[in-house]
Amino acid sequence: MRPERFLGTDPAPGDLSSVDRVGGSLRAVVLALAEARLKVEALVGAQSIWQGPIARPIVAALTEFGARVRAVEDAVVDFAQAVETWRTGLVGRQQRRAELTETISQLAGRPDAEAERQRILVEVQQMATEHTVGGTALITASDDLAEVLADVDDDSDLAADLDRGVTAVTVAVDEWIAESAAELLATAESLSETAGLTTVVSQILGVAGDEAPDDAENVRRLASVSAGAHRLRLALRRSWASLAPDELPSASFAATGGRGAAAISDRLRGDTSDSAQGDEAR
Amino acid sequence: MAGITVLVDDVTQLADVLDGVDAEFTAAARSLRDLTPEDVGPPDVAKAVTDVLARLERRLGALAVESGDSARAMRRHATDLPDTEPTSTAEDKP
C-alpha cells in the first residue's frame, strides 16, 4: 500500500534493506581497520623486536601509521552508530506509517471521519518533521566522517619512512658486526697461544666446562686473569670493560696440544685435525 | 654474521604484516564498492551517505596502497640483505 496515495506524502522515505547493507559494510570496515591497526601496533609493542634508538624511526613511522588508522576507525565507528540510530528511527516511523496508511484507507468515503483523518495527517506531518531531523543528524555524521577522512595526513609516506629506518638499522648492524668480528677474531688468535680455549671460554661465559677436576682451579685462574679472556669478555660483554685489570699479565700458559680439543682459532680456520687426533688419543 | 640473518627475518616479518594490513584494507574498500546507498533516506541524506562512503572507500584504498608499497619496500630490503648463514650446505647433504 503506497503511503503517498492515502497520506498525500511519504513521511518516512528510505529503504531498510539498503540501510542494513550500509550498516553491515561499515561493521566489516571497522573490523578490518581494527584488525589492521592491531597488527601494526603489535609490531611496535612491548614485545617488539624493534627496540632502541636505532630502531626508533621505524617505531615512529609505524606508530604514526597506526594512529592514522585509529583516527579513521574511530570516525567510522561514530558514523556506523549514526547509521544505526537512523535505522532504528526509520523502522519505527515506517511501521507507524504503515499503521496510519491502513487506518486512513479505511476512512475513505466516510464524511463523519474527517476529524480523525485530520488528526492522522497532523501526525503524518510530525513524523515527516521527525524524519527530517533524523536525516539531518545522519548528514552531520556524514560530514564529520568526511572531515576526518580529509584530515588524515596525505603527506605521510610509510614506505619511505620505513625504508629510511631499515636502512639505518642495516647500517648499524653492519657496523656492529664488523666491529665485533674484528674483536672476536683478534681474541681467538690471542687465546689460541695461551691455553685450552674451549674450557676457558666456558668458564668466562659461566657455563660449566668438562675439564678434569685437577684443572679446574687453573682454568678459573686463567679465565680471570688472561689477556685473551679479558679481550673475549670485552667483545662478548662490552659492559665488562670496567672489570679489566689495570695491567694485563703476560700470557704464559701451556699450549693446548695435550688436551685434545682444537683451539677456537683453529676451528675458525676450519682446521679440526687436532681435535680428531685428540679424540683418537682419548 | 647471524645478526644479518636475523635482520632479514625481522624485515621479512615486517613485510608479511604489512601485506596482511594491505589485504585488510583492500577487502574493506571492496565491501563498500558495491553498495547502493542512494535510497537509504530522502535525497539529501542519501547523497551525504553516498558521498562519504565513496570517500571512505578511497581512503581505505589509499591506506592499502601505502601498506602494500611499504611491504614491497621491506621485501626489497630483505632481498638486498646478505643471507650469510645458510641453514644447510652441499657438504651437509648425504
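Residues numbered from 1 in each chain as written. Chains lettered and ligands numbered in written order. Predicted model: local features only at pLDDT ≥ 70, side-chain atom pairs only at ≥ 80, totals over all residues.

1. Focus: the overall build of chain B
So, step 1. Scanning chain B from terminus to terminus reveals 2 helices and 0 strands.
So, step 2. The buried share among the 94 residues of chain B stands at 41%.
So, step 3. Excluding contacts between residues fewer than 6 apart, the proportion of contacts in chain B whose partners are at least 24 apart in sequence is 81%. (Helix = DSSP H or I, 4+ residues; strand = E, 2+ residues; numbered from the N terminus. Buried ≥ 20, exposed ≤ 12 C-beta atoms within 10 Å, placed from the backbone. Contact = placed C-beta atoms within 7 Å.)

2. A short note on the overall build of chain A
So, step 1. If you tally the helices and strands in chain A, you get 10 helices and 0 strands.
So, step 2. Ordered by position from N to C terminus, the α and β elements of chain A give α-α-α-α-α-α-α-α-α-α.
So, step 3. Sorting the 282 residues of chain A into buried and exposed places 30% on the buried side.
So, step 4. Taking all contacts inside chain A whose residues are at least 6 apart in sequence as the whole, residues at least 24 apart take part in 74%.

3. Description of the confidence of the model for chain B
Should the pLDDT be low somewhere, the predicted coordinates at that spot are not to be read in detail.
Residue and element names in this part refer to chain B.
So, step 1. Taken over all residues, the pLDDT of chain B has a mean of 83, while the share at 70 or more is 79%.
So, step 2. Below a pLDDT of 50 lies the segment residues 83-94, which in the model reaches 9 contacts outside its immediate sequence neighbourhood of four places, other chains included.
So, step 3. Model confidence for the complex is summarised by a pTM of 0.69, with the ipTM given as 0.83. (pLDDT = per-residue confidence, 0-100.)

4. Comments concerning the interface of chain B and chain A
So, step 1. Taken residue by residue, the interface counts 40 residues in chain B and 40 residues in chain A.
So, step 2. For the side of chain B that touches chain A, the secondary-structure elements that each account for two or more residues are α1 (2-33) and α2 (43-80) of chain B.
So, step 3. Tallying contributions element by element places α2 of chain B first for the side of chain B that touches chain A, with 16 residues.

5. Looking at the nonpolar core
So, step 1. With 67 residues, the main nonpolar core has Val76 of chain A together with Met74 of chain B as its most contacted residues.
So, step 2. Looking at this core, the elements with two or more residues in it are α2 (16-43), α3 (56-106), α4 (114-151) and α5 (158-191) of chain A together with α1 and α2 of chain B.
So, step 3. A total of 16 residues in this core trace back to one element, the largest contributor, which is α3 of chain A.
So, step 4. Beyond its immediate chain neighbours, meaning those up to four positions away, methionine 74 of chain B contacts Leu162 and Val166 of chain A together with Val11, Leu14, Ala15 and Leu18 of chain B. (Core = buried A, V, L, I, M, F, W, Y, C linked by C-beta atoms within 7 Å.)

6. Let's talk about the packing of α2 of chain A against α3 of chain A
All names here are of chain A.
So, step 1. For the pair α2 and α3, interaxial distance at closest approach is 9 Å and the crossing angle is 160°. The angle between α2 and α3 places the two elements in the roughly antiparallel class. You can see that α2 and α3 cross each other, and the crossing is left-handed.
So, step 2. Among the residues forming the contact of α2 with α3, the class breakdown is 23 nonpolar, 2 polar and 7 charged. (Axes fitted to C-alpha atoms, helices over the stretch in contact; angles between N-to-C directions. Parallel < 35°, antiparallel > 145°, perpendicular 65-115°, else oblique. Left-handed = near helix turned anticlockwise from the far one by under 90°. Nonpolar A, V, L, I, M, F, W, Y, C, P; charged D, E, K, R; others polar.)

7. Some thoughts on the packing of α3 of chain A against α4 of chain A
All names here are of chain A.
So, step 1. Two elements in contact, α3 and α4, have axes separated by 10 Å at closest approach and are oriented at 165°. In terms of their interaxial angle, α3 and α4 are classed as roughly antiparallel. Of the two possible hands of crossing, α3 and α4 adopt the one that is left-handed.
So, step 2. Tallied by class, residues from the contact of α3 with α4 come to 19 nonpolar, 5 polar and 8 charged.

8. Here's the deal with the environment of methionine 127 of chain A
All names here are of chain A.
So, step 1. Structurally, methionine 127 can be placed in helix α4.
So, step 2. Methionine 127 sits in the buried class, given 21 other C-beta atoms within 10 Å.
So, step 3. Separated by 115 residues in the primary sequence, methionine 127 and alanine 12 have C-alpha atoms spaced 7.2 Å apart.
So, step 4. Leaving out residues up to four positions away in the same chain, methionine 127 has contacts with Pro11, Ala12, Arg93, Arg96 and Arg97.

9. A closer look at the environment of proline 13 of chain A
So, step 1. Secondary-structure assignment places proline 13 of chain A in the loop between α1 (3-7) and α2.
So, step 2. By C-beta crowding, proline 13 of chain A is classed as buried, having 22 other C-beta atoms within 10 Å.
So, step 3. Setting aside chain neighbours within four positions, we find proline 13 of chain A in contact with Gly41 and Pro42 of chain B.

10. Brief notes about the confidence of the model for chain A
Residue and element names in this part refer to chain A.
So, step 1. For chain A, per-residue confidence averages 77 on the pLDDT scale, and residues scoring 70 or more make up 63% of the total.
So, step 2. For the stretch residues 207-214, pLDDT sits under 50, and the model shows 9 contacts to residues farther than four places along the chain or on other chains.
So, step 3. Low pLDDT, under 50, characterises residues 248-261; the predicted model gives this stretch 25 contacts beyond four residues in sequence or across chains.

11. Overview of the environment of leucine 56 of chain B
So, step 1. By the secondary structure assignment, leucine 56 of chain B is in helix α2.
So, step 2. In this structure, the C-alpha to C-alpha distance between leucine 56 of chain B and alanine 28 of chain B, residues 28 residues apart in sequence, is 9.6 Å.
So, step 3. Contacts of leucine 56 of chain B, omitting those with residues within four sequence positions, involve Val29, Val76, Leu145 and Leu149 of chain A together with Leu32 of chain B.

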